[in-house]
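Report on the structure
Residue strings, one per chain:
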Amino acid sequence: MLWLIAGAGAQAQEFRMQTESDSLSWLVLETDSTSDRWRLPHPVYQFQTGDVDGNGSTDALVGVVKKTRFHRDFGRRLFIFKNYRGRVRPLWMGSKLGGELVDFRVISDEGSQKAIVRALETGKNGLYSVTDYEWEEFGLAFKRTILKDTNQETAKKQFSP
């Protein structure tokens, strides 16, 4: 995907994934004048782009499978990266949303500059939910529940575009 960065001297930018093995990928940022990479030493299950923070520049959303300090089991996590002066830099390295993350996708929000992150999640009860999150100052915050406590098939239908 090719995007223009708003502001003086607007330039094209593209985020893409480069996979070396099942547990090593690189997030690559190419602009008119620069190229930069960010090492992702985890399995990647999802990659999307969108303007999550509403600043006019495209961000990269990468779903990885990893443990965290507070969640000792492997789980699906969401990392968000930005273009900072032609360099890949983390915007948010989230360890968890509301429930156990199954999948996510970026959707546009009518009337807002910010893209919405729609998440397919499971709870401790084993049921599925579809939830929207939006950027708030430091990270993703709950926006609305689309569907709650349902079976996998129903949730996936609601989650899919």
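Here is a short report on the structure shown in this document.

Details of the sheet that holds strand β8 (residues 87–94)
Pairing is antiparallel in the open sheet, where four strands are placed in the order β5-β6-β7-β8. The sheet is open, and its two borders are formed by β5 (44–50) and β8, each paired with just one other strand. The mean angle between the axes of side-by-side strands here comes to 25°, regardless of whether they run parallel or antiparallel. Direction of pairing for strand β6 (residues 59–66) relative to strand β7 (residues 75–84): antiparallel, over a ladder of seven bridges. Each residue of the ladder has a partner; that of V65, found in β7, is R76.

Looking at the layout of surface pockets
The space that makes up the largest pocket amounts to roughly 190 Å³. Forming the boundary of the largest pocket are 14 residues, of which G99, E121, S129, T131 and K148 lie nearest the centre. Of all the secondary-structure elements, those providing two or more residues to the lining of the largest pocket are β10 (115–122), β11 (128–136) and β12 (139–150). Per element, the largest residue contribution to the lining of the largest pocket is four residues, and it comes from β12. In the lining of the largest pocket, the residues fall into three nonpolar, eight polar and three charged.

Topic: the pattern of salt bridges
According to the stated counting rule, one finds six salt bridges in the structure shown. Linking R118 and D132 is a salt bridge whose minimum nitrogen-to-oxygen distance equals 2.7 Å. Remark: D132 occurs in strand β11 and R118 occurs in strand β10; sequence separation between them is 14 residues. A relative accessible area of 0% means that D132 is categorised as buried. A salt bridge links D132 to R144, with the shortest nitrogen-to-oxygen separation between them at 3.0 Å.

Reading the values: the criteria
- Residues numbered from 1 in each chain as written.
- Predicted model: local features only at pLDDT ≥ 70, side-chain atom pairs only at ≥ 80, totals over all residues.
- Heavy atoms only, no water.
- Pairing = 2+ DSSP bridges.
- Helix = DSSP H or I, 4+ residues; strand = E, 2+ residues; numbered from the N terminus.
- Axes fitted to C-alpha atoms, helices over the stretch in contact; angles between N-to-C directions.
- 1 Å grid on protein atoms, 1.4 Å probe; cavity = no way out; pocket = protein on both sides within 12 Å on 5 of 7 lines; lining within 4 Å.
- Points joined across faces, edges and corners; volume = space filled by probe spheres on them.
- Nonpolar A, V, L, I, M, F, W, Y, C, P; charged D, E, K, R; others polar.
- Salt bridge = Lys/Arg side-chain N within 4 Å of Asp/Glu carboxyl O.
- Buried < 20%, exposed > 50% of the residue type's maximum accessible area, 1.4 Å probe, protein only.

Limitation: the analysis is restricted to geometry and does not speak to function.
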